[in-house]
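What follows is each chain in one-letter form.
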Amino acid sequence: MNRVEGHVKVTGLATYAAEYPIEGVVYAYPVQSLIARGRVARVDASDALAMPGVLAVLSVADPPELAEDADAELALFQRREVAYRGQLVAAAVAGTYDEARAAADAVRVEYEPADHDVSLRADHPGLYRPEVVNPNLPADTGQGDVEAGLAEAVTTVDVTYTTPVLHNNAMEPHASLALWDAEGRLLVYDSTQGATTDRDMIAKTLGLPPGRVRVVSRHVGGGFGSKGTTRPQAVLAALAARAVGRPVKVALTRQQMFDVTGYRTPTIQRLRLGADGEGRLTALEHVALSQSSTLKEFAEQTATPTRVMYAAPALRTAHRLVRLDVATPSWMRAPGDCPGMYALESAMDELACAAGIDPIELRVRNEPEVDPDTGLPFSSRNLVACLREGARRFGWDRRDPRPGVRREGEWLVGTGVAASTYPAKRRPCKAVARVLDGGFLVQVAAADIGTGARTALTRIAAETLGVAPDRVHVEIGDSDLPDAPVAGGSMGTASWGSAVVRACEELKKDGREGRADTTEEIRQDSRLTRQAFGAQFAEVRVSSVTGEVRVPRLLGVFAAGRIVDAKLARSQLIGGMTMGLGMALMEETLTDEEFGGFLRRDLAQYHVPVCADVPDVEAVWLEEHDERLNPMGAKGIGEIGIVGTAAAIGNAVHHATGHRVRELPITPPKILMARF
């Protein structure tokens, strides 16, 4: 199907959070901390308040009323302590955007700075084991004797990989427009991945019952996790609107987004692997270090994919965390699995090279029959089939395994492979379906963040009802609709679609209306490990003169249950693969160790891939039937495309040059330093 909202998007009629035509709207612009740690000593807003059009200045000098248990990142202006550079310490409200921005510049803030610590390092004395990692998984797992397994191995690998701070950088900046009615009910037009959860968090922060808050988010210009939780601009808009008695709009700049909308934590990952003479693992250990803020704990689940990938009699995973004077990290596409699989799949390639075994064959020989961590059966697992099909399509049999031997002029040519995986889960959801004007109306508070969720749900509803898709209208993006989970964790379509199917089934029985709540159905799901799998293949060309890396060809082969719509699926998968290319070669936010905060805070310095960087990217999938997932038999595809891509490219760079770069991104200076 073509996207049902495609016409309104390409004609400019789709309304995003900052674009709703609300009469009498004014603007708020934040003032950010200039220190990384310390205390606000004094706020002088007199010059700002004297400027034309200025209505108010909110600051820590006069904390607005918020709930005592408000989330630490959303408790705006409640405390004078500064936890990181860029933290919001004040905001100016004025009649126009330019007036608000000028007034914010005129607010004078005096600080009492303190020494700060913003650097993650392997020997940091503050590293500790969190009780759990996201989303409530054990921090450490272990079975067997890793040391004994390494001792008896014929081939061992002990390597450390690092990944930098990465930022989500959705196309649409974070923006919110808030207005209060005469009865004290709050309406927020927000850029969010989940209207229901956003409503609940805004209400909790303001100390309101959820019924007094409504969030509308009809169209969202990307999120990649950064809009999966409520961000400070939504709370700021609500507070400012309450203070001045007018609708208030807050639209963050690209630079501000780097500071207050989350990021992927940097990681330091050590992997130790051992294999016998046949290439079968005798031991596998994955220890991941990451960072969080002093405000709250966010523990990235970096090593968790290692728990499900390969059979090993001795398997240990561990996470260590350090709290630094930085903003709190957050969700970014394929959290945990993306950086974790980069390290694991790079280490598997190193093991294959050390053992003299083809990297595909090494993975096949270590294919588990059940979940290595829990012992549970997989609902379906077709990783080997993905590897075999990818090898056939990519021409893997023509590959010379020797590194650094294929050359075309100044260009060194290599190919690499890596596996992909991502959990296939769903959450409880509600939906309603009605007969309306000769057609059908389906309502669910889902979110379309550019993925095509409206289209997928339209197709699911039409197939369930047995009618043409043009007779179905799907309404989403409003917290007043039946409650729904966020668009995240590759659970959107599985969660919303389950409720839509059940509501449509009830409608067919009733003839007028059907309602569904999948809470009990999901509670009774059988105990299985549900994962999507895939295989990523990359060809690279590395200049022996400049060190630059080109990727002329990417191929991804995936097993993700039933594909609801081929056009939407291809878009999601190649988008993820392209994002993985960015992770491999260019994306990196630097931490300013001297002053705190981040460097490279815009798209002129934080480079992302463009079309010229991916001349040939192909995504295909296997026919996989898995009736134990959900009514559609579908696994999520929004994130698996990015998982493994960076490893495949890094492995290809090694194959091309004979040198291994273990610190992302793989930039020309690192190539030249490795070679010379």
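Everything here concerns the structure above.
Reading guide: rules and limits
- Residues numbered from 1 in each chain as written.
- Predicted model: local features only at pLDDT ≥ 70, side-chain atom pairs only at ≥ 80, totals over all residues.
- Heavy atoms only, no water.
- Pairing = 2+ DSSP bridges.
- Helix = DSSP H or I, 4+ residues; strand = E, 2+ residues; numbered from the N terminus.
- Contact = heavy atoms within 4.5 Å.
- Axes fitted to C-alpha atoms, helices over the stretch in contact; angles between N-to-C directions.
- Phe/Tyr/Trp six-rings, centres within 6.5 Å; stacked < 30°, edge-to-face > 60°.
- Buried < 20%, exposed > 50% of the residue type's maximum accessible area, 1.4 Å probe, protein only.
- Lys NZ or Arg CZ within 6 Å of the ring centre and 35° of its normal.
- Salt bridge = Lys/Arg side-chain N within 4 Å of Asp/Glu carboxyl O.

### Points about the sheet that holds strand 25 (residues 549-559)
Line of reasoning, step 1. As summarised here, the arrangement of the five strands in space is 18-19-24-25-28, forming an open sheet in which the pairing is mixed. What marks the edges here is a single partner per strand, and that holds for strand 18 (407-408) and strand 28 (617-621).
Line of reasoning, step 2. Note that strand 25 and strand 28 share five bridges and pair parallel. Looking at strand 28, one finds that Phe558 is bridged to Trp621.
Line of reasoning, step 3. Those strands touched by helix 11 (residues 383-394) are strand 19 (411-423), strand 24 (531-543), strand 25 and strand 28, and its axis lies near 30° from that of strand 24.

### Details of the packing of aromatic side chains
Line of reasoning, step 1. Applying the stated criterion to the full structure yields ten aromatic pairs.
Line of reasoning, step 2. Ring centres of Phe378 and Phe533 lie 6.0 Å apart, and the angle between their planes is 75°; on these two criteria the pair is classed as edge-to-face. Here Phe378, found in the loop between helix 10 (359-365) and helix 11, pairs with Phe533, found in strand 24; they are 155 residues apart in sequence, far enough to count as distant. Each member of the pair, Phe378 as well as Phe533, carries the same accessibility label: buried.
Line of reasoning, step 3. Its end group placed over the ring of Phe378, Arg381 keeps NZ or CZ at 4.9 Å from the ring centre.
Line of reasoning, step 4. Above the plane of the ring of Phe394 lies Arg553, whose end atom (NZ or CZ) is 3.8 Å from the centre.

### Describing the pattern of salt bridges
Between side chains of opposite charge, a pair can form as their charged atoms come close.
Line of reasoning, step 1. If you walk through the whole model with that rule in mind, you get 52 salt bridges.
Line of reasoning, step 2. The closest approach of N and O atoms between Glu5 and Lys9, which form a salt bridge, is 3.2 Å.
Line of reasoning, step 3. The salt bridge partner of Glu350 is Arg660, with a shortest N-O separation of 3.8 Å. Here Arg660 lies in the loop between helix 16 (645-657) and helix 17 (668-675) and Glu350 lies in helix 9 (residues 337-355), a separation of 310 residues in the sequence. For the pair formed by Glu350 and Arg660, the shared burial category is buried.
Line of reasoning, step 4. Here the residues in one salt-bridge network are Arg185, Arg214, Arg218, Glu475, Asp478 and Asp480, joined through shared partners.

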